[in-house]
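Here's the letter readout for the chains.
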Amino acid sequence: MAKKIFAGLRGAVESSEVNADFEAAESFDKLRVGRLGVYYRDGFKTKYIDYASMERAFIRIQEVNGRMCCGSATFAYYRMVFLCGGREIADFMSEKEAAMDAALAKIHEMAPQVPIGVAEKE
């Protein structure tokens, strides 16, 4: 199999170790969580966020109210958000709440130093 080039936070990442981690990473919907970092598709690129760069990870729930011919309905989207340098660097969207909860738990298992959830106000 050909070597993948990943889009990291500081440019392209081409490493056999990262490539092997991507192949072995556990998949949650379309988000992969490995022992070195998190991987997801963004357009034609595969993004890679390493745990050392990650300051925080949390899930943001976005509700969308839809009007239809027979009434209205509310849809929920679950967005996995990653913070780095005090700002949001990635926002991965899924319709599967259980998959995003499991991915967040796996991130905590693989990188216990990364805070999970929103920060408390002081």
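Residues numbered from 1 in each chain as written. Predicted model: local features only at pLDDT ≥ 70, side-chain atom pairs only at ≥ 80, totals over all residues. Heavy atoms only, no water.

Turning next to the pairing of strand β7 (residues 56–68). Looking at chain direction, β7 and strand β8 (residues 71–84) are connected through 13 bridges and run antiparallel. Across the sheet, alanine 57 pairs through a bridge with phenylalanine 82, a residue of β8. In this antiparallel pair of consecutive strands, β7 and β8, the connection spans 2 residues. (Pairing = 2+ DSSP bridges. Helix = DSSP H or I, 4+ residues; strand = E, 2+ residues; numbered from the N terminus.)

A few words on a nonpolar patch on the surface. Among the surface-exposed residues, Val64, Met68 and Phe75 lie close enough to one another that they form a single nonpolar patch of about 240 Å² accessible area. When you line up the elements, methionine 68 lands in strand β7. (Patch = residues over 30% accessible without salt bridge, like charges linked within 9 Å, V, L, I, M, F, W, Y side chains within 5 Å. Areas by Shrake-Rupley, 256 points an atom, 1.4 Å probe, with all protein chains shown as cover. Salt bridge = Lys/Arg side-chain N within 4 Å of Asp/Glu carboxyl O.)

The next point concerns the packing of aromatic side chains. On inspection of all chains with the given rule, the structure shows 6 aromatic pairs. Chaining the aromatic ring pairs together yields one cluster made of Phe6, Phe22, Tyr39 and Tyr48. Above the plane of the ring of phenylalanine 22 lies arginine 32, whose end atom (NZ or CZ) is 4.4 Å from the centre. (Phe/Tyr/Trp six-rings, centres within 6.5 Å; stacked < 30°, edge-to-face > 60°. Lys NZ or Arg CZ within 6 Å of the ring centre and 35° of its normal.)

The next subject is the nonpolar core. Among the nonpolar cores identified, the biggest contains 21 residues, and Leu31, Met54, Met80 and Phe82 are the most heavily contacted of them. Of all elements in the fold, only β4 (31–33), β5 (37–42), β8, β9 (87–94) and α2 (97–110) reach the threshold of two or more residues within this core. No other element matches α2, which puts 5 residues into this core. Here leucine 31 is in contact with Glu26, Val38, Tyr39, Tyr40, Met80, Phe92, Met100 and Ala103, once residues within four sequence places are set aside. One finds Phe6, Val18, Ala25 and Tyr39 within the second-largest nonpolar core, a separate group that totals 6 residues. (Core = buried A, V, L, I, M, F, W, Y, C linked by side-chain atoms within 4.5 Å. Buried < 20%, exposed > 50% of the residue type's maximum accessible area, 1.4 Å probe, protein only. Contact = heavy atoms within 4.5 Å.)

Next up on the list: the pattern of salt bridges. If you walk through the whole model with that rule in mind, you get 7 salt bridges. Note that aspartate 42 and lysine 47 form a salt bridge whose closest N and O atoms lie 3.8 Å from each other. By relative accessible area, which is 41% here, aspartate 42 ends up partly exposed. Between glutamate 109 and lysine 106 there is a salt bridge, and its shortest N-O distance comes to 3.6 Å. Of the two residues, glutamate 109 and lysine 106 both sit in helix α2, 3 residues apart, roughly one turn of that helix. Judged by its relative accessible area of 55%, glutamate 109 falls in the exposed class. The structure contains a network of salt bridges with shared partners spanning Glu26, Lys106 and Glu109.

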